[in-house]
Amino acid sequence: MRDLLTLRVRAVDTDAVWTVRLSADPPLTVRGAAALETPADCTLSGTAEELCPGLWNRVPLSSVGLSGGPGAVAPWEENSAVVRS
């Protein structure tokens, strides 16, 4: 099945980078230098402290640096983000 989204996450304060591919299959994560070789639909960037709450749905992802436009992360927010009940 076609990927819903390929999302790159870059923590600028730690030089950590990873890419997550979302599809009908379980998410596939690639870390480190290989993550930079994987094409991404959008990139979230910020400090680890800024990224963590966004990826856990505690603040909107628009609160961190986003390339690719706000609609680009919709598949993450709708299908893969951790949701508190």
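Further up the page is the structure itself.
Description of the structure in this document. (Residues numbered from 1 in each chain as written. Predicted model: local features only at pLDDT ≥ 70, side-chain atom pairs only at ≥ 80, totals over all residues. Heavy atoms only, no water.)

1. Examining the overall build of the chain
Line of reasoning, step 1. Of the regular secondary structure elements, the chain holds 3 helices and 5 strands.
Line of reasoning, step 2. Sequence-ordered secondary structure for the chain, helices as α and strands as β, is β-β-β-α-β-α-β-α.
Line of reasoning, step 3. For the chain, the proportion of its 85 residues judged to be buried stands at 33%. (Helix = DSSP H or I, 4+ residues; strand = E, 2+ residues; numbered from the N terminus. Buried < 20%, exposed > 50% of the residue type's maximum accessible area, 1.4 Å probe, protein only.)

2. A few points about the side chain of T43
Line of reasoning, step 1. Among the secondary structure elements, T43 is positioned in strand β4 (residues 42-46).
Line of reasoning, step 2. Excluding anything up to four places from it in sequence, T43 contacts R8, G65, L66 and S67. (Contact = heavy atoms within 4.5 Å.)

3. Considering helix α2 (residues 48-55)
Line of reasoning, step 1. Residues of α2 that are buried include every one of L51, G54 and L55, and no others. Buried residues along α2 cover an arc of 90° about the axis, so they all sit on one side.
Line of reasoning, step 2. Here the buried face of α2 lies against β1 (5-11), β2 (16-22), β4 and α3 (74-79).
Line of reasoning, step 3. Where α2 terminates, the next one or two residues include N57, which has phi positive at roughly 65°. (Arc of directions from axis to C-beta.)

Geometric values such as these leave the question of function open.
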